[in-house]
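# Notes for the structure review
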Amino acid sequence: MFRALRPVLARPSGTFRTCVLLVLLAATGIAILELVREQTGTPGFFVGLGLALLPVAPLMAAFRWLGRAAPAPWSQLLFCFAWGACTAALIAILANNFATQWIAAATADPSEADQLGSVAIAPVVEESAKAAALLLVFAFRRPHFTGPADGFVVAGFTAIGFAFTENILYLGNAFVQDLADGTGVLDSVTAATFFVRIVLSPFAHPLFTVLTGLGFGAAAVSARRARRLCLPLLGLALAMGMHALWNGSSRFGDHGFYVVYSCVMVPLFGLLVWLAVRIRRGRLRAVAAELSLYAAAGWLAPAEVPALASMPARSLARSLARRSGGRAAGRAVARYEADAVALAMLRNRARRGGPLREADFARRERELLNRLWQRRATAGPALARAAVMEELLPHGFDPLAPFGTPEAAEAGEAGEAAEAVVAAEAAARPAGVPGPRRQEPSVRRSGPWTPATPAGPSSIRPCVLPGGDGVR
């Protein structure tokens, strides 16, 4: 029996890890719901639940918009939300209560214990509990954690879940207090709490945790081990500091909250919004640059590259496919787009010297190329037509022209990048090795710095990364 269990205990499978996480989330979810209900009462719990739900969908949509350039699986995002709402919230409530009671017993001053706990204990406990979700995704879902954008989105969903549970507690307690005092609606503590937490600062928790996410995202594309260890810790420290400043704003005088909100929180929020837009645009540019390498190898038609690097064109391509081939065709185009973007991010990370091993790169690239090949007949024409309708191609360009024709060479940046790839490959190719053929793509092995090879009926040598060292 023990011999049979040894492989599972030594290296748990993905299914085993998933089951363990689901059981953990279910157990902590039941525990946190019952704990909050005990503290707020049943009426307060349901009122708090209804009010706390209001900002969840808009915040999720905002973070999902950022990640749509290279979308993460919904299962991963929902796991992060559930971790924040259940596991992280339960850890935070239990640890904060224990620390506050311990400080109160040591100092014999409950009010001072509450203030010290909110400034010194809560930020450390809460941000660490939320960061655990990022660490799990970073460690076990590395193919889906390709840079700062992924860290931004994963951190945002985790913090949204945490804030959701916390808002239930605060709003439920406020409602119970208003019932006991008989306060009117407009003058109620519930209305004031709703205004501060839901209207004025729904982005507070996401803003803190995003700093941790950016640290993990930067570590994902770093080639140095020291940076991969230090950057997440730096992001976590910044998140704790911002959280402590926010919780301690009331100690800076009567107007301390408004000073911190207007002078720190709002500018930082604006800075992160600007950074999010910049990251999104940079990711779309990376998609165009990396996919042009595969267009040069014959995997993609030149017209597909600008379409895959444009969010409106992607959406239009899915709509066109659904109109002509039904829902199945629309899903095929959506999966084709997701696989193409994943392929671009995989190669971009390898080219930038990320910690991706060559063997893993070859396996993952081969898998994505095979899936692209299977759906290209359906997705290729839809993307090419979307590129034409969105006016992403030069005037007179034939979207069905094969790579290497004069029309394809005029396809803007994609064509220029493809020509650069051909030149780089010719310079890096060892003597006596024939050049690639540009038709009927097929598949072989590749490495992060060697030609990636398509899959299909015959063989082709795709392109090397610019600055690569040729064939190994």
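Residues numbered from 1 in each chain as written. Predicted model: local features only at pLDDT ≥ 70, side-chain atom pairs only at ≥ 80, totals over all residues. Heavy atoms only, no water.

## Overview of the environment of Glu-367
Spelled out, the test is: Numbering of helices and strands runs from the N terminus; a helix is a DSSP stretch of H or I covering at least four residues, while a strand is a stretch of E covering at least two. Any residue under 20% of the maximum accessible area for its type is buried, any over 50% is exposed, and the rest in between are partly exposed; the area is computed with a 1.4 Å probe on protein chains only.
Structurally, Glu-367 is set in helix α13 (residues 358–389). Take Glu-367: its relative accessible area is 29%, and that puts it in the partly exposed class. The sequence separation of Glu-367 and Asp-339 amounts to 28 residues, and the corresponding C-alpha distance is 9.5 Å.

## Some remarks on unusual backbone geometry
The residue Glu-391 is not glycine, and still its phi comes out positive at about 60 degrees. Within the secondary structure, Glu-391 sits in the loop between α13 and α14 (406–409). Glu-391 sits in the exposed class, given a relative accessible area of 70%.

## A closer look at the packing of helix α3 (residues 56–67) against helix α6 (residues 148–181)
To be explicit about the condition: In this analysis an axis means a line fitted to C-alpha atoms, helices contributing only their contacting stretch, and an angle means the value between N-to-C directions, from 0 to 180 degrees. In what follows, roughly perpendicular refers to angles from 65 to 115 degrees, roughly parallel to angles under 35, roughly antiparallel to angles over 145, and oblique to any angle outside these ranges. Throughout, a residue-residue contact means that at least one pair of heavy atoms, one from each residue, lies within 4.5 Å. Classification convention: Asp, Glu, Lys, Arg as charged; Ala, Val, Leu, Ile, Met, Phe, Trp, Tyr, Cys, Pro as nonpolar; all other residues, Gly among them, as polar.
Two elements in contact, α3 and α6, have axes separated by 9 Å at closest approach and are oriented at 170 degrees. Looking at the two axes, α3 sits roughly antiparallel to α6. For the pair α3 and α6, the contacting residues are Val-56, Leu-59, Met-60, Phe-63, Arg-64, Leu-66 and Gly-67 in the first and Ala-149, Phe-152, Val-153, Gly-156, Phe-157, Ile-160 and Phe-164 in the second. Each residue belonging to the contact of α3 with α6 can be placed in one class, and the counts come to 11 nonpolar, two polar and one charged.

## A short note on helix α4 (residues 74–107)
Note the threshold: Here the expected length of a helix is defined as 1.5 Å per residue gap, with one fewer gap than residues. We define the bend at each residue as the angle formed by axes fitted to the 7 residues ending at it and the 7 residues starting at it.
For α4, which comprises 34 residues, the first-to-last C-alpha distance of 47 Å matches the rise-based estimate of 50 Å (1.5 Å per residue) to within 8%. Bending of α4 peaks at approximately 40 degrees at the position of Trp-83.

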